[in-house]
Amino acid sequence: MLESYVTPLLMSYVNKYIKNLKPSDLQLSLWGGDVVLSKLDLKLDVLEQELKLPFTFMSGHIHELRIHVPWTKLGSEPVVITINTMECILKLRDGAQDDHESGSSSTSRSVSDSSKAVAKPRRLQQAAPSDPDLPPGYVQSLIRRVVNNVNIVVNNLILKYVEDDIVLSVNITSAECYTVDDMWERAFMDITAPELVLRKGINFADCTVCLDKRNASGKIEFYQDPLLYKCSFRTRLHFTYDNMNSKIPSVIKIQTMVESLKLSITDQQLPMFIRILQLIIALYYGEIGGHKESEGEEGSGHVREAGGILPVMDADVESPENTTDLYMLSGGPEDADDGWMSWAWSFVPAIVNVEEESEEDVYQQREDGSIPNSPQQNAHKDPIVSIGFYCTKASVTFKLTETHSESSYYSPQKVKSREVLCLEQQGITIEVLMMGEPFFDCQIGIVGCRALCLKSIMGLRDFEENMNRSEEDAVFFSCGDSLSSKGMTYLTNSLFDYRSPENNGVRAEFILETANHKETYTEIAGMQRFGAFYMDYLYTMENSSGKGTQDFSVVNMEEVVPIVQETSIKRMVVGPLDVRLHSSAVHRILKMITCSMDHEYEPYDKPQQEVNEESHGPAKSDDISSLEEFIPTRLTCLTLLQVSVTVSMAEFNLLQSLMPVIMGHKAAPGPVYVPVFQPVRPLPSVHFEVERVNVEHSVPMYAPELVSTVSSLSQPSDNLLHHCYEHLYLKVFGFQAGLTCQDSTGASLPLIPIIPSFSAAFYAKQIQMPAYWSKKSLVPTTECIFELPHFTVQATRAQTLLLQAICQSWTHSMTNGTPLTLSESLLNEVYNAPGVKSLGPSPTLEGSVQNLELKFCSRATVKFASGTLGAVKVCARTPGSGDGMKDKLVPLFQGPSDTKELHMSRWLNEIRKPESLLAPDLLAFSVLVPQQGDSCRNSDDKTGWSKT
């Protein structure tokens, strides 16, 4: 009978997570075709044990559960599972409870794992009884079709998370998962040759996210505006199999598309929102939950790279604590029953029939109840998993709230909010590609982005409707292109792109090699696809032979684990951006910063104390040789292209009430005085431009282990010592600054150069974990190098006065409300307005520096600084008044200079350059400051001076 095959499969999931169910009653209801269960309680202990997250379920209820099984049409109609009103409340696990559970974690894990191992074949035996009327091949095919076409419907899903005074709730009106055809339309499908593909669709309707604040009694006094209100999105799942007998897919694609995403954050929600983000980051890096460093596991505190498992250095691999911790963070299906990712993977059989096993695997059971072929011993190739999120348009609006009381004394208070700041993005893409442990890649891109001011700020009517200010004035940040000009490039090769291989019946090809990946996904390619922002984070784990990624699941633990080479590279590119910092924008940004600091939350990550050097033994020769071959590092590269920043004269100034809070001081009591908004037209501004900025930052991936090993050597090599530092490279190309002005139409006048274009470079390195190097006086702890080939500053008297007026508008608060005025003659002299008679060219004071190089070095016993200055010139220049007239130059200071012709008049009127590139520098200096302290007395150098 078909019921004897399908019923245990459905009952296994229902009975596992729901309390107080009678299997006999459930089985009779299923045989009738429909089952309705009301007021169900979830097994919270089972969820907590399988999720293994630092959360505790306070409650979990299901109002109604419906299961519809069309027994007469199982081959053409889907099984429908409907959940009506499901609510779960979670909270962060207490520290005492976490410590108590950690003591028995290994025992509970071993007991639960063994019980699951015994229960699994028992359930499969019930699902596959002997029936001579139904051939096994037909039964397996029918069950596969049933499982592949199960429809899951959830109506009114409510999730709540509480912590301190934070109440985060997520409400989804409806969510439905169903099988689709090659056109992504609802259909009854099966995996057939030659395509061997299964497609699923998930629709989420009216998702609302609320973030509220509760008082000391746990009640919410008034509700804030929702963070996200009635947002709908759709998800497409694409599974590709190698053959009909494959237990898991070879390629898994899960991608979500959102047309419009509108977030709203009030000033009271902002610190709570940042707290939630910090919680997510702490969970990602393992700072909450998992194993603690106090447990004495060397290497357990390593930060795991996203998506892959980093090998635990010098740790007991076979210990249950280590293996469970690794499997908890693994994303592969071979880690069944060992973590929250595997718990989520356990629901995949309802979609792709992962646990379809042959009868030989089912009944091959040892006498002790264990299964001989575990997922790791029965190794298979890791599937390629591609996860994507795409958003056409998104916006984040910042609001300020005000409390208003009704006329009646007993009437409740009402909260009104005003929109003051908005950040808009177009074409957002987040793509993750991974294959088991050895490969992980994450790419994030944005096509266009802009920020604009909305309405008033702090009682000041600067962007109200009656101010007649255009939208161009409201925009103070813009980057990238628009979708109308860029197109739908952010959807390239996604399941929502009709040109993608999956939508044309072709198998997609993925780049899983480091060299090929770097050649394909370059900065130019990222900017061509997006335009505003592009980030590529690549993590790979390769064997020492350099033959690419290997299957780590087939490694026998009894054999020697091969040396792997890990690389972590983050590349970020920011496209051409324009920033206009006027009074309205600056005060809105500072107001957001002050609101975000208005909290008393304790940080999740506590500073860790460095381990003393004596606690580690001497390094082994094998460890040193392996480190000489390869040392894993994390490299971060940031590139800024065509950056333009304009700082306008302040039209109002309220910094006296914002800056004390930002600097950590308490705000002064009493109402904030609001000055009158005085628009100045034309609006003088200081303009900065830079063609390109390159930043590179590298740090060792396993700093504690590396430093403890290298510091124990008497004479470490330069290569080992180099990787013990944190390195920072900064290069600036084509930086220039000048004065500009916005006329009545909002257009900017040509730039008047104050600082002509120049380039500079800066390099710094700092030793990791300085406590290990306190007795090594020859090892530098900090080094800095700054190089400036040439630098020039030039300005007239009028330009200097205008710069002073712009600075004073920001530094001097206008408490008396006096209007901000500028002399028209000063503006006309600076900008040379057309139609205004000029008094003639004004002399320009010019100062230049050439070949400036500064160095700084700090050691345990001495601090050293040195520098060289090639040439300096300070002069007054008067441009020629007529055609053919040369500029008049009056030098005030110049060096080095040839003074042989000083007595002649032409010496003062000519521009002189150094005689040759080999001319001596103008200035060279060096300063040494001995450091007196414990580090000097304990070092080998008794004099306090470095040995050179």
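Reading the values: rules and limits
Residues numbered from 1 in each chain as written. Predicted model: local features only at pLDDT ≥ 70, side-chain atom pairs only at ≥ 80, totals over all residues. Heavy atoms only, no water. Helix = DSSP H or I, 4+ residues; strand = E, 2+ residues; numbered from the N terminus. Buried < 20%, exposed > 50% of the residue type's maximum accessible area, 1.4 Å probe, protein only. Contact = heavy atoms within 4.5 Å. Areas by Shrake-Rupley, 256 points an atom, 1.4 Å probe, with all protein chains shown as cover. Pairing = 2+ DSSP bridges. Core = buried A, V, L, I, M, F, W, Y, C linked by side-chain atoms within 4.5 Å. Salt bridge = Lys/Arg side-chain N within 4 Å of Asp/Glu carboxyl O. Phe/Tyr/Trp six-rings, centres within 6.5 Å; stacked < 30°, edge-to-face > 60°. Patch = residues over 30% accessible without salt bridge, like charges linked within 9 Å, V, L, I, M, F, W, Y side chains within 5 Å. Axes fitted to C-alpha atoms, helices over the stretch in contact; angles between N-to-C directions. Parallel < 35°, antiparallel > 145°, perpendicular 65-115°, else oblique. Left-handed = near helix turned anticlockwise from the far one by under 90°. Nonpolar A, V, L, I, M, F, W, Y, C, P; charged D, E, K, R; others polar. Arc of directions from axis to C-beta. pLDDT = per-residue confidence, 0-100. Disulfide = S-S within 2.5 Å. Lys, Arg positive; Asp, Glu negative; His and termini not counted. Polar contact = N/O pair within 3.5 Å; in protein donor to acceptor, adjacent residues only side chain to side chain.

Enquirer: Got a minute to help me understand the overall build of the protein in this structure?
Expert: Scanning the protein from terminus to terminus reveals 24 helices and 24 strands. Considering the protein as a whole, with its 948 residues, one finds that 44% of them fall into the buried category. Once local pairs closer than 6 in sequence are excluded, the contacts in the protein between residues at least 24 apart make up 74%. Put simply, the protein shows about 49,900 Å² of open surface, and 56% of that area lies on carbon and sulfur atoms.

Enquirer: Which parts of the structure should I look at to understand the pairing of strand 21 (residues 844–858)?
Expert: In summary, the side chains of a regular strand alternate between the two faces of the sheet. With 14 bridges connecting them, strand 20 (residues 782–796) and strand 21 associate as antiparallel partners. If you follow Ala-795 over to strand 21, its bridge partner there is Leu-845. Looking at chain direction, strand 21 and strand 22 (residues 862–878) are connected through 14 bridges and run antiparallel. Note on strand 22: the bridge partner recorded for Gly-847 is Val-874. The antiparallel hairpin formed by strand 21 and strand 22 contains three residues in its connecting segment.

Enquirer: I'm lost on the nonpolar core in this one. Help?
Expert: Side chains of a nonpolar character, in soluble globular proteins, are inclined to be buried together. In terms of nonpolar packing, the biggest core is built from 99 residues, with Leu-65 and Ile-67 touching the most fellow members. For this core, the leading source of residues is strand 3 (residues 80–92), giving six residues. In contact with Leu-65, other than residues within four places in its own chain, are Val-14, Ile-18, Val-35, Val-36, Leu-37, Leu-40, Ile-81, Thr-82 and Ile-83. Among the nonpolar cores identified, the runner-up in size contains 23 residues, and Leu-683, Leu-802, Ile-806 and Leu-827 belong to it.

Enquirer: It is not clear to me how the pattern of salt bridges should be interpreted in this structure. Could you clarify?
Expert: Pairing of side chains with opposite charge becomes possible as their charged atoms draw close. A full pass over the atoms with the stated rule returns 23 salt bridges. For Asp-497, the salt bridge identified is with Arg-499, shortest N-O distance 3.3 Å. Each member of the salt-bridge network shares a partner with another, and the members are Arg-144, Arg-145 and Asp-190.

Enquirer: In this structure, what is going on with the packing of aromatic side chains? I would like to understand it.
Expert: Aromatic ring pairs: the centre-centre distance and the angle between the two ring planes describe each pair. Counting across every chain of the model gives nine aromatic pairs. Ring geometry for Phe-55 against Tyr-161: centres 5.6 Å apart, planes inclined by 90 degrees, an arrangement best described as edge-to-face. Of this pair, Phe-55 sits in strand 2 (residues 55–68) while Tyr-161 sits in strand 4 (residues 151–163), and the two are 106 residues apart along the sequence. We note that Phe-55, like Tyr-161, is buried. Seen from their ring centres, Tyr-390 and Phe-496 are 6.4 Å apart, and the 70 degrees between their planes marks the pair as edge-to-face. A residue pair is termed long-range when its members are at least 10 positions apart, and Tyr-390 in strand 9 (residues 384–405) and Phe-496 in the loop between helix 13 (483–486) and helix 14 (514–520) qualify at 106 residues.

Enquirer: Sorry if this is basic, but what is going on with a nonpolar patch on the surface here?
Expert: A surface patch of nonpolar side chains, amounting to about 860 Å² of accessible area, comprises Leu-845, Leu-854, Val-890, Leu-892, Phe-893, Leu-922, Leu-923, Phe-925, Val-927 and Val-929. Those elements that place two or more of their residues in the nonpolar patch are strand 21, strand 23 (888–895) and strand 24 (923–930). With four residues, the top contributor of residues to the nonpolar patch is strand 24. In this structure, Leu-854 sits in strand 21.

Enquirer: How do you make sense of the pairing of strand 19 (residues 752–767) when you look at a structure like this?
Expert: Here strand 18 (residues 725–742) runs beside strand 19; their pairing, made up of 12 bridges, is antiparallel. Within the sheet, the bridge partner assigned to Phe-735 lies in strand 19 and is Phe-758. As defined by bridge partners, strand 19 adjoins strand 20 across six bridges and the pair is classed as antiparallel. Residue pairing for strand 20: Tyr-763 is matched across the bridge by Ile-785.

Enquirer: Would you explain the packing of helix 7 (residues 269–284) against helix 16 (residues 583–596) in this entry?
Expert: Two quantities define a packed helix pair, namely the angle between the helix axes and the distance between the axes. Helix 16 packs onto helix 7 with a crossing angle of 70 degrees between their chain directions and a minimal axis gap of 7 Å. As judged from the angle between their axes, helix 7 and helix 16 are roughly perpendicular. With respect to the hand of their crossing, helix 7 and helix 16 are arranged in right-handed fashion. Touching Leu-270, Pro-271 and Ile-274 of helix 7 are Met-592, Cys-595 and Ser-596, all from helix 16. Tallied by class, residues from the contact of helix 7 with helix 16 come to five nonpolar, one polar and no charged.

Enquirer: What exactly am I supposed to notice about helix 18 (residues 655–662) here?
Expert: Quick reminder: α-helices carry 3.6 residues per turn. Residues three or four places apart thus point the same way. By the burial criterion, the buried members of helix 18 are Leu-655, Ser-657 and Leu-658. End-on view of helix 18: buried residues confined to an arc of 165 degrees, all on one side of the axis. As for helix 18, its buried residues are in contact with helix 16 and helix 21 (797–811).

Enquirer: What should I look at first to understand the side chain of Ser-250 in this one?
Expert: Within the secondary structure layout, Ser-250 lies in the loop between strand 7 (228–240) and strand 8 (251–266). Those residues in contact with Ser-250, other than ones at most four positions away along the chain, are Thr-240, Tyr-241, Asp-242, Pro-383, Ile-384 and Arg-507.

Enquirer: What should I look at first to understand the environment of Phe-762 in this one?
Expert: Of note, Phe-762 is situated in strand 19. Overall, Phe-762 belongs to the partly exposed group, its relative accessible area being 27%. In the structure, Phe-762 is positioned 22 residues away from Cys-784 in sequence and 7.5 Å away in space, judged by C-alpha atoms. Beyond its immediate sequence surroundings of up to four residues, Phe-762 is in contact with Leu-728, Tyr-729, Leu-730, Cys-784, Ile-785 and Phe-786.

Enquirer: In this structure, what is going on with the packing of helix 21 against helix 22 (residues 824–831)? I would like to understand it.
Expert: Direction vectors running N to C along helix 21 and helix 22 enclose 120 degrees, while the axes themselves pass 9 Å from each other. Here helix 21 is positioned oblique relative to helix 22, judged by the angle of their axes. Seen from above, helix 21 lies across helix 22 with left-handed handedness. Facing helix 21, whose interface residues are Ala-798, Gln-799, Leu-801 and Leu-802, helix 22 presents Leu-826, Leu-827, Glu-829, Val-830 and Tyr-831. Looking at the contact of helix 21 with helix 22 residue by residue, the classes come out as seven nonpolar, one polar and one charged.

Enquirer: I tried to follow the confidence of the model for the protein on my own but got confused; where do I start?
Expert: Atom-level detail of predicted coordinates should not be read off regions where pLDDT is low. Counting all residues, the mean pLDDT for the protein is 77, and 72% of those residues have values of 70 or more. pLDDT under 50 marks residues 290–341. Its contacts with residues more than four places away, or in other chains, come to 109 contacts. A low-confidence stretch, residues 343–379 stays under pLDDT 50, and its non-local contacts, those more than four residues away or across chains, total 72 contacts.

Enquirer: Is there a simple way to think about the state of the cysteines in this case?
Expert: Linking two cysteines covalently through their sulfur atoms gives a disulfide. Under the criterion given, the structure shown has zero disulfides. Sulfur of Cys-479: no disulfide; nearest cysteine sulfur belongs to Cys-449 and is 6.8 Å away.

Enquirer: I tried to follow unusual backbone geometry on my own but got confused; where do I start?
Expert: Peptide bonds are mostly trans, and most non-glycine residues show a negative phi. That bond from Ala-193 to Pro-194 is cis: its omega, 0 degrees, falls within 30 degrees of zero. One can find Pro-194 in the loop between strand 5 (166–180) and strand 6 (197–213). Cis geometry is adopted by the peptide bond preceding Pro-896, which originates at Gly-895 and carries an omega value of -5 degrees. Residue placement: Pro-896 occurs in the loop between strand 23 and helix 23 (906–909). Within the chain, Lys-230 stands out as a residue other than glycine whose phi angle is a positive 50 degrees. Within the secondary structure, Lys-230 sits in strand 7. Unusually for a residue other than glycine, Asn-851 sits at a positive phi of about 55 degrees. By the element assignment, Asn-851 lies in strand 21. Residue Asn-851 is classed as partly exposed on the basis of its relative accessible area of 47%.

Enquirer: Can you walk me through the side chain of Glu-566 in this structure?
Expert: You can see Glu-566 is positioned in strand 14 (residues 564–574). Despite its burial, Glu-566 pairs with no opposite charge, the nearest such side chain being Arg-634 at 7.4 Å. Of note is the side chain of Glu-566, whose polar atom sits 2.7 Å from the side chain of Tyr-539. Here Tyr-702 takes part through its side chain, which lies 3.0 Å from a polar atom of the side chain of Glu-566.

Enquirer: Any chance you could explain the environment of Leu-512 here in plain terms?
Expert: Within the element layout of this structure, Leu-512 appears in the loop between helix 13 and helix 14. The buried category is assigned to Leu-512, whose relative accessible area is 17%. Taking the C-alpha atoms as reference points, Leu-512 and Thr-540, separated by 28 residues in sequence, lie 9.0 Å from one another.

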